[in-house]
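Observations on the model geometry
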Amino acid sequence: MRNINCIKKAQCTGCGACRSICPKSAITMTPDTCGFMYPDVDLNKCINCGKCVKSCPAKTTHKINNQNYVCKAAMANDDIRKESSSGGIFSLLAEYILGNNGVVIGAAFENKAIVKHIIIDKIEDLKKLRGSKYVQSALTDIYQKTKDILDAKKTVLFSGTPCQIAGLYSFLGKSYSNLYTIDIMCHGVSSQEILNKYLSENFKDEKIKHISFRNKDNGWNYEHSLKVSTNKKEYCIPYQESSYYYLFLNAISLRESCYNCKYASLPRIGDITLGDFWEIKSYNKMFDDNLGTSMVLLNNKKGEDLYKNIICELKLNENISIEVAKNGNGTLTHPTIKNHLITQFKNNYAKETLNNNLAQLKEYKFDFAIYNFWWTINYGATLTAYALQKLLTLYGRTSTLISYLYDRDPNEVFYNKISEKFAREHLTCTKIYNSEKELAELNNITNKFIVGSDQVFRDDYFKDSCFLNFVNYDKLKIAFSASFGTDTFNVSPKLIDKYKFLLSRFDYVSVRELSGIDICKNTFNIKAKQIVDPVFLVEENVWDDLVKESALKSSEYILSYVLDADENLNRKIKDYAKDKNLDIIEINSNTHSIQDWLYLIKNANLVVTDSFHGLCFSIIFNKKVNCLINTNRGADRFKSLQKILHIPQEVFFYDSDTYDIKQNINIMLNYNEINDLIAKARDIGLNELNKIVNIKKVKNQENEETDKILLKKYYKKKFKLSYFIKKNIYLMLFNLLHKEKFREKYLKYKNK
């Protein structure tokens with residue numbers, strides 16, 4: 001396909017470069033349900049020249065700036081800043097260009113509430129371009145007009161979102177010395193249609209005269225408000241009370257491509273990057289006087305040369321570490337994280353007013369919230385979570401994956417890593433939680449919690465939250481294909497009591513390994529079922545669909561996916577590959593996308609791995625596989641799978657010294673038998689999942705009544721909290737049981 005239809009909707013930025021460049025006017029921009037513009041190709045006019053694809057910023061990779069950027073904290077004078085969203089630097093740059101007979105192009109409110117890119121050549125028109133417009137600007141024919149001005153040798157300063165700058169570069173097809181570009185720090189864009197809907201619903205009989213998203217009546221801070229001036233009065237609405245603003249800031253109403261933006265990263269695409277220098281106060285209080293401070297990135301020599309011309313007019317001009325800038329500007333390094341309510345918002349959009357839609361979203365509950373390690377830099381961890389979420393969807397249930405990163409820095413373990421990139425298009429996830437304490441608010445978005453799959457119960461991996469200690473007493477708690485990782489649970493007797501109590505609150509427990517049944521029985525006195533990893537429960541076509549998303553092309557190769565480096569093993573693989581004239585492809589934890597990882601397993605001549613899920617997917621794709629049993633990461637996982645699927649012992653080896661690749665590569669797996677066993681395991685797992693999706697919370701009346709009586713006595717004796725006793729508020733008391741200090745005291749009291 002040589003036209004723009006080859007671009008996925010989730011990638012299209014709506015810049016319109018394809019429409020502008022089409023020599024046959026075969027492309028029009030048409031709105032979707034929420035008003036976001038997408039190209040529509042008239043195939044009767046299209047000549048398949050491919051120009052539209054070449055001009056697409058989603059498809060084209062630009063040679064953008066290097067890492068030698070300069071970061072500044074800057075302020076213009078007070079008068080300019082009062083009229084600007086942040087530090088007024090755009091105004092000074094624009095004034096310089098206009099003062100030298102150039103033109104400035106940027107977003108403006110036209111006809112009071114319509115945002116579009118316009119061209120100005122007079123300083124008195126600069127006020128039109130000042131201020132933030134939290135809506136996607138219509139570009140119409142602005143790229144062609146920009147080209148015409150540049151070709152006429154006039155200097156142009158073009159300001160826009162990073163994808164709009166990329167679209168301009170693609171359309172122009174060459175560099176211009178008389179073009180300067182500013183990419184703005186972008187949270188994402190909402191649509192003009194959504195803004196129009198909000199205004200028509202809330203200001204029905206009034207004519208809009210002016211809109212401001214970032215007025216500074218209360219200073220420069222996070223407490224944004226929407227100021228709307230009409231023919232009747234002026235309104236100043238805190239963002240929490242404006243459905244449009246709330247949806248925008250909470251990343252519910254953004255364009256789909258914003259969650260996948262490849263330009264939300266360093267280095268930037270413009271000559272200069274401008275944004276608010278949030279959190280600059282934590283670096284130096286003197287750099288925040290409550291009127292606005294700009295973060296300025298000078299991304300190349302061109303940007304530096306332009307900036308030099310305004311330095312004499314600056315009130316503040318300080319070099320700052322880029323790390324300081326990252327603290328308050330997440331989209332410097334990664335796209336805005338998709339809000340898990342976006343699907344519900346879109347489903348309700350045409351049926352409800354914006355205010356009603358938001359009200360319903362605030363009350364919305366998912367059928368399930370899932371706790372596992374989906375966010376880690378590990379292919380299997382993400383794909384087992386994907387499989388479980390996919391299965392719940394097939395049963396007509398909604399779910400969200402809990403993004404609790406174990407108090408780790410998201411920039412190091414999450415943003416722009418394999419799991420976060422995959423999640424942008426394929427997973428529904430919560431916001432990032434930074435502590436176990438914060439997890440308690442998840443009780444507001446669901447009544448049912450699942451923990452699993454993967455090694456969520458492994459004694460040297462888990463936190464207390466893996467046992468759903470943050471979940472309220474009256475919520476459903478399920479362990480699905482949860483793994484202990486090993487055949488033992490080695491914690492102190494004191495901790496055993498704690499986890500025994502927490503697991504006793506579960507309404508259903510299933511484990512992944514056969515040994516997990518014995519651990520549950522002997523250690524926790526709980527009867528558990530065994531269910532294989534969810535990656536086996538979905539049909540193979542689910543994985544084939546992801547493989548199709550890979551752009552890799554196959555060759556004859558051995559795939560080495562070894563998590564823990566083993567030089568001896570690597571040498572043996574390389575020697576054999578050289579002897580057989582095979583390529584070697586080596587993967588570690590973050591070298592390929594998840595789709596590419598699946599592709600490489602599916603198309604390999606042989607897979608050599610020490611990874612549990614590396615083995616799982618080799619089996620799913622019926623590949624020749626040699627597996628080093630990684631005892632450090634949990635040998636029992638391999639043994640259990642071997643027993644369940646009758647995998648030959650010869651497939652496995654315990655150390656690279658005894659490994660003989662020449663012998664092992666000839667081991668034949670009976671995939672007819674293995675596939676039959678997978679099908680049987682799938683039937684068992686799906687039967688159990690069917691029970692789970694329909695399970696109801698059953699109160700243990702005897703246990704609950706005992707706790708009611710004892711809690712009442714305990715509180716009365718220890719704290720004399722007669723209010724709780726009079727009001728009969730036991731639920732609040734029950735929920736304290738997961739708190740270690742209280743629980744230990746209470747259990748001692750109960751045992752007496």
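These figures come from a predicted structure and were not determined experimentally.

Observations concerning the overall build of the protein
In terms of regular secondary structure, the protein is built from 29 helices and 25 strands. Dimensions of the protein, computed from the C-alpha atoms along their principal axes, are close to 80 × 80 × 50 Å. A burial count over the protein gives 57% of its 752 residues as buried. Of all intrachain contacts in the protein linking residues separated by at least 6 positions in sequence, the fraction that spans at least 24 positions is 73%.

Comments concerning the pairing of strand E1 (residues 27-31)
One ladder, built from five bridges, connects E1 with strand E2 (residues 37-41); its direction is antiparallel. Counterpart to Thr30 in the pairing with E2 is Tyr38.

Considerations on the packing of aromatic side chains
Taken as a whole and assessed by the stated rule, the structure comprises 44 aromatic pairs. Relative to Phe213, the ring of Tyr134 has its centre 5.4 Å away and its plane inclined at 45°; by these criteria the two rings are tilted. Pair noted here: Tyr134 is in the loop between strand E5 (114-120) and helix H5 (142-151) and Phe213 is in the loop between strand E8 (208-212) and strand E9 (225-230), with a separation of 79 residues, a long-range link. Across this residue pair, the class does not change: Tyr134 and Phe213 are buried. Consider the rings of Phe213 and Tyr244, whose centres lie 6.0 Å apart with planes at 40°: the pair is tilted.

Concerning unusual backbone geometry
For the bond running from Leu266 to Pro267, omega is -5°, close enough to zero to count as cis. Its place among the elements puts Pro267 in the loop between helix H8 (243-249) and strand E11 (272-276). In this structure, Ser453 follows Gly452 across a cis peptide bond, with omega equal to 0°. Here Ser453 shows up in the loop between strand E17 (448-451) and strand E18 (476-482). Positive phi, close to 70°, is recorded for Glu279, a residue that is not glycine. With a phi close to 55°, His646 is a non-glycine residue in the positive phi region. Positionally, His646 belongs in the loop between helix H23 (631-645) and strand E25 (652-653).

Observations concerning the sheet that holds strand E12 (residues 294-298)
Here eight strands make up an open sheet; going across it, the order is E5-E4-E6-E7-E11-E12-E3-E13 and the pairing mixed. If you trace the sheet from one side to the other, it starts and ends with E5 and strand E13 (316-319), each paired once. Put simply, the sheet's adjacent strands are angled 25° from each other on average, direction ignored. Pairing analysis gives five bridges linking E11 to E12, with the strands arranged antiparallel. Bridge pairing links Asp276 to Ser294 in E12. Running at roughly 160° to strand E6 (residues 156-160), H5 makes contact with strand E4 (103-110), E5, E6 and strand E7 (179-184) of the sheet.

Some remarks on the packing of helix H14 (residues 379-394) against helix H16 (residues 418-426)
Put simply, H14 and H16 touch, their axes get as near as 10 Å, and they point 20° apart. Relative to H16, the element H14 is oriented roughly parallel. Of the two possible hands of crossing, H14 and H16 adopt the one that is right-handed. Residues Tyr379, Thr382, Leu383, Tyr386 and Gln389 of H14 pack against Ile418, Ser419, Phe422 and His426 of H16. Its residues placed into classes, the contact of H14 with H16 shows five nonpolar, four polar and no charged.

Observations concerning helix H10 (residues 301-308)
For H10, every residue scored as buried is listed here: Gly303, Leu306 and Tyr307. On an axial view of H10, the arc spanned by its buried residues comes to 100°, and they lie on one face. Away from its buried face, by an angle of more than 90 degrees, H10 presents the exposed residues Lys301 and Lys308.

Thoughts on helix H17 (residues 493-504)
The terminal C-alpha atoms of H17 lie 16 Å apart, and with 12 residues this matches the ideal 16 Å at 1.5 Å per residue to within 8%. Taken as a whole, H17 has its buried residues at Ile496, Lys498, Tyr499, Phe501, Leu502 and Leu503.

Looking at the nonpolar core
Of all hydrophobic cores here, the largest spans 156 residues; its most connected members are Trp543 and Ile619. Contacts of Trp543, omitting those with residues within four sequence positions, involve Leu383, Tyr386, Ala387, Val535, Val538, Leu598, Phe617, Ile620 and Phe621. Val104, Ala108, Leu126 and Ile310 belong to the second-largest nonpolar core, a separate cluster that totals 27 residues.

Considering the side chain of His340
Within the secondary structure, His340 is located in the loop between helix H11 (322-328) and helix H12 (342-349). Only 3.2 Å separates the side chain of His340 from the side chain of Thr400, close enough to count as a polar contact.

A short note on the pattern of salt bridges
With the rule as written, the count across this model stands at 34 salt bridges. Among the salt bridges present, the one from Glu323 reaches Lys326, with a minimum N-O distance of 3.1 Å. Highlighted residues: Glu323 and Lys326, both in helix H11, separated by three residues, approximately one helical turn. The exposure class assigned to Lys326 is partly exposed, which follows from its relative accessible area of 23%. One salt bridge connects Arg633 with Asp564, and the closest N-O pair in it is separated by 3.0 Å. Separated by 69 residues along the polypeptide, Arg633 in helix H23 and Asp564 in the loop between strand E21 (557-561) and helix H20 (567-579) bring together distant segments of the chain. For Asp564, a relative accessible area of 29% gives the class partly exposed. The network of salt bridges with common partners includes Asp78, Arg81, Asp289 and Lys315.

Some thoughts on the confidence of the model for the protein
Averaged over all residues, the pLDDT of the protein is 90; the fraction at 70 or higher stands at 92%. Note on residues 717-732: pLDDT is under 50 here. Beyond four places in sequence and across chains, it has 14 contacts.

A few points about the environment of Leu569
The topology assignment puts Leu569 in helix H20. For the pair formed by Leu569 and His62, sequence separation is 507 residues and the distance between their alpha carbons is 39 Å. What Leu569 contacts, discounting residues up to four positions off in sequence, is Val562, Val608, Leu628, Phe653, Ser656 and Tyr659.

Observations concerning the environment of Leu298
The residue Leu298 is located in strand E12 in this model. Of the residues examined, Leu298 reaches a relative accessible area of 4% and is grouped as buried. Taking the C-alpha atoms as reference points, Leu298 and Tyr349, 51 residues apart in sequence, are found 40 Å from one another. Sequence-distant contacts of Leu298, that is, excluding residues within four places in its chain, are made with Asn68, Tyr69, Val70, Lys72, Asp271, Ile272, Gly303, Glu304 and Tyr307.

How each quantity is defined
- Residues numbered from 1 in each chain as written.
- Predicted model: local features only at pLDDT ≥ 70, side-chain atom pairs only at ≥ 80, totals over all residues.
- Heavy atoms only, no water.
- Helix = DSSP H or I, 4+ residues; strand = E, 2+ residues; numbered from the N terminus.
- Buried < 20%, exposed > 50% of the residue type's maximum accessible area, 1.4 Å probe, protein only.
- Contact = heavy atoms within 4.5 Å.
- Pairing = 2+ DSSP bridges.
- Phe/Tyr/Trp six-rings, centres within 6.5 Å; stacked < 30°, edge-to-face > 60°.
- Axes fitted to C-alpha atoms, helices over the stretch in contact; angles between N-to-C directions.
- Parallel < 35°, antiparallel > 145°, perpendicular 65-115°, else oblique.
- Left-handed = near helix turned anticlockwise from the far one by under 90°.
- Nonpolar A, V, L, I, M, F, W, Y, C, P; charged D, E, K, R; others polar.
- Arc of directions from axis to C-beta.
- Expected span 1.5 Å × (residues − 1).
- Core = buried A, V, L, I, M, F, W, Y, C linked by side-chain atoms within 4.5 Å.
- Polar contact = N/O pair within 3.5 Å; in protein donor to acceptor, adjacent residues only side chain to side chain.
- Salt bridge = Lys/Arg side-chain N within 4 Å of Asp/Glu carboxyl O.
- pLDDT = per-residue confidence, 0-100.

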